[in-house]
Amino acid sequence: MKNINEIRADFPILSRKVNNDMPLVYFDNGATTQKPKCVIDTVSEVYATYNANIHRGVHFLSDMSSEAYENAREKIRSFINAGKKEEVVFTSGTTGSINGLAFSFGERFIKPGDEIIISYLEHHANIVPWQMMCERKGAILRVIPINDAGEIIMAEYLRMLSPKTRLVSVTQVSNVLGTVLPLNEIIAAAHSVNVPVLVDGAQGIQHGIVDVKAMDCDFYVFSGHKIYGPAGIGVLYGKENLLSELPPFQGGGDMVEKVTFEKTTYNVLPFKFEAGTMNYPGAIGLMSALDYISSLGREEIAERENELLSYATERLSAIEGLKIYGNATRKISLISFLLKGIHQYDAGMILDKLGIAVRTGTHCAQPVMDRYGISGTIRASICFYNTKEEIDILTSGIEKVKQMLE
Ligand code: PMP
């Protein structure tokens, strides 16, 4: 792996100053990651040298952009170890993928009284689309509870699985608590009663190796911007037999085979799910991000992030009055915490003045807050380009917050 100075030099934004000359300390990687120069250059190159709409023209530039877009699909296929390119659908992001799937799955498979299982740890993006679908179809949403450490209670999940269950949709990693869910057990139990599983990989894919074949999930979704790629591009992976059975979730150009006013027939996979002009510069930029990640080494990234998590947990735990939420046995590099007697927004604002970017609030996961009876947390989400020195800056920043507000 490159050394940390070389890695940081790959990310132009990391050397900028914020708030009157404070060096940027970026700990909001859970919300979005920064982009390496190769990704920025790739997107810029698309627009500067071969911009043209994909799958449309017979001209030189359209061929070039179509080929690059399809190469990006192949790159994603191999990155997540999907069996076929046809199983990789481009979307606008995790939210787009889940909404699309909830619509199509609901139309095809759901009738009144059917049940969908999610968990208490879900981001709103993996709650609301299912609620909307349940409302439309008269189906019921069941929720797996969590323990105080922030782990799902497997016995409750196993009890919940029933002949009425049509789908299990769970996150790979909690964006609030960092909990890594036991996906192998969750998926095996669902499959034993022939129920498919959707995995929300928005917080999982950037922290280690994802192999959809080994995991045996039926659907896997993620966002490009959380794995060092551009915003506005995401992926919906689905097993071919399931995707083939689902109706499209949007109609328009490119997703059709033949259109007449009487009847339209649909394109083959994956194009059936890609209506209208897709974000091809985003897809091509995402390909560049995945190349970058692979060049650093995904195992090496996970190892470095684990080390940073241990260091941050040790430093933050030593601060008096600081309480960490989420102490799961398996966790990614993210720490949610509160300071006794101090509102999270006040703390976040002072940290910001010190150049430290953290996220404050509910993190789009209101039920987790309700579970702990709190209105929000301060979240420091760490990734491989962060350093122990930055964790020291965060630690002294928190001490300063305490001095000012306690
Ligand atoms: N699921 C999880 C677990 C997330 O953390 C997020 C983003 N915070 C999303 C879904 C939604 O991702 P996006 O906004 O990129 O669609």
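Residues numbered from 1 in each chain as written. Predicted model: local features only at pLDDT ≥ 70, side-chain atom pairs only at ≥ 80, totals over all residues. Heavy atoms only, no water.

Some remarks on the pattern of salt bridges
Two side chains that carry opposite charge are able to pair once their charged atoms sit near each other. On inspection of all chains with the given rule, the structure shows 23 salt bridges. For glutamate 240, the salt bridge identified is with lysine 84, shortest N-O distance 2.7 Å. Of this pair, glutamate 240 sits in helix 9 (residues 240-245) while lysine 84 sits in the loop between helix 3 (60-80) and strand 4 (88-91), and the two are 156 residues apart along the sequence. Overall, glutamate 240 belongs to the partly exposed group, its relative accessible area being 28%. Using a relative accessible area of 37% as the deciding quantity, one classes lysine 84 as partly exposed. The shortest N-O distance in the salt bridge between glutamate 156 and arginine 159 comes to 3.2 Å. A residue pair is termed a helical-turn pair when its members lie 3 or 4 positions apart in one helix, as glutamate 156 and arginine 159 do in helix 6 (residues 154-160) at 3 residues. Take glutamate 156: its relative accessible area is 30%, and that puts it in the partly exposed class. Exposure remark for arginine 159: the relative accessible area of 61% places this residue in the exposed category. (Salt bridge = Lys/Arg side-chain N within 4 Å of Asp/Glu carboxyl O. Helix = DSSP H or I, 4+ residues; strand = E, 2+ residues; numbered from the N terminus. Buried < 20%, exposed > 50% of the residue type's maximum accessible area, 1.4 Å probe, protein only.)

Re the sheet that holds strand 7 (residues 165-171)
Within the open sheet, the 7 strands sit side by side as 4-10-9-8-7-5-6. Their pairing is mixed. Every interior strand has two partners, whereas the edge strands, strand 4 and strand 6 (140-144), have only one. Between one strand axis and the next, the sheet turns by 20 degrees as a mean value, whatever way the strands run. (Pairing = 2+ DSSP bridges. Axes fitted to C-alpha atoms, helices over the stretch in contact; angles between N-to-C directions.)

A short note on the side chain of glutamine 206
Inspection of the secondary structure assignment puts glutamine 206 in the loop between strand 8 (197-200) and helix 8 (212-215). Overall, glutamine 206 belongs to the buried group, its relative accessible area being 6%. At 2.9 Å, the side chain of glutamine 206 forms a polar contact with the backbone oxygen of alanine 202. At 3.4 Å, the side chain of glutamine 206 forms a polar contact with the backbone oxygen of lysine 226. Sequence-distant contacts of glutamine 206, that is, excluding residues within four places in its chain, are made with Gly201, Lys226, Ile227, Tyr228, Ile301 and Glu305. (Polar contact = N/O pair within 3.5 Å; in protein donor to acceptor, adjacent residues only side chain to side chain. Contact = heavy atoms within 4.5 Å.)

Section: the site of the ligand
Inspection of the region around the ligand gives Thr94, Thr95, His123, Ala125, Thr171, Asn175, Asp200, Ala202, Gln203, Ser223, His225 and Lys226 as its neighbouring residues. Measuring from a nitrogen atom of the ligand, one finds a side-chain N or O atom of lysine 226 at 2.8 Å. If the ligand stood free it would expose 390 Å²; the protein chains cover 86% of that surface. Here the shell around the ligand is composed, by residue class, of 2 nonpolar, 8 polar and 2 charged. (Near = heavy atom within 4 Å. Areas by Shrake-Rupley, 256 points an atom, 1.4 Å probe, with all protein chains shown as cover. Nonpolar A, V, L, I, M, F, W, Y, C, P; charged D, E, K, R; others polar.)

Brief notes about the sheet that holds strand 16 (residues 359-361)
Strand pairing in a sheet is mediated by backbone hydrogen bonds. Such pairs are either parallel or antiparallel. The strand order across the open sheet built from 4 strands is 13-14-17-16, with neighbouring strands paired in antiparallel fashion. Among the strands making up the open sheet, the edge pair consists of strand 13 (322-325) and strand 16. If you compare each strand with its neighbour and ignore which way they point, the axes differ by 30 degrees on average. As defined by bridge partners, strand 13 adjoins strand 14 (residues 334-339) across 4 bridges and the pair is classed as antiparallel.

A closer look at helix 5 (residues 128-137)
Within helix 5, burial applies to Pro129, Trp130, Met133 and Cys134. The arc enclosing the buried residues of helix 5, seen along the axis, measures out at 135 degrees, which places them on a common side. As for helix 5, its buried residues are in contact with helix 4 (94-109), strand 5 (115-119), strand 6, strand 7 and strand 8. (Arc of directions from axis to C-beta.)

Brief notes about the domain arrangement of the protein chain
The assigned domain composition of the protein chain is domain 1 (4-30 + 297-405) and domain 2 (40-294). For domain 1 and domain 2, the distance between their C-alpha centres works out to 28 Å. Remark: the boundary between domain 1 and domain 2 carries 1 salt bridge. The salt bridge involving aspartate 148 is made with arginine 371; its shortest N-O contact spans 2.9 Å. Joining domain 1 to domain 2, the criterion identifies 23 residue pairs in polar contact (both at pLDDT 80 or more). When residues of the side of domain 1 that touches domain 2 are traced back to their parent elements, those giving at least two are helix 11 (298-317), strand 14 and helix 13 (366-372). (Domains from an automatic or database assignment.)

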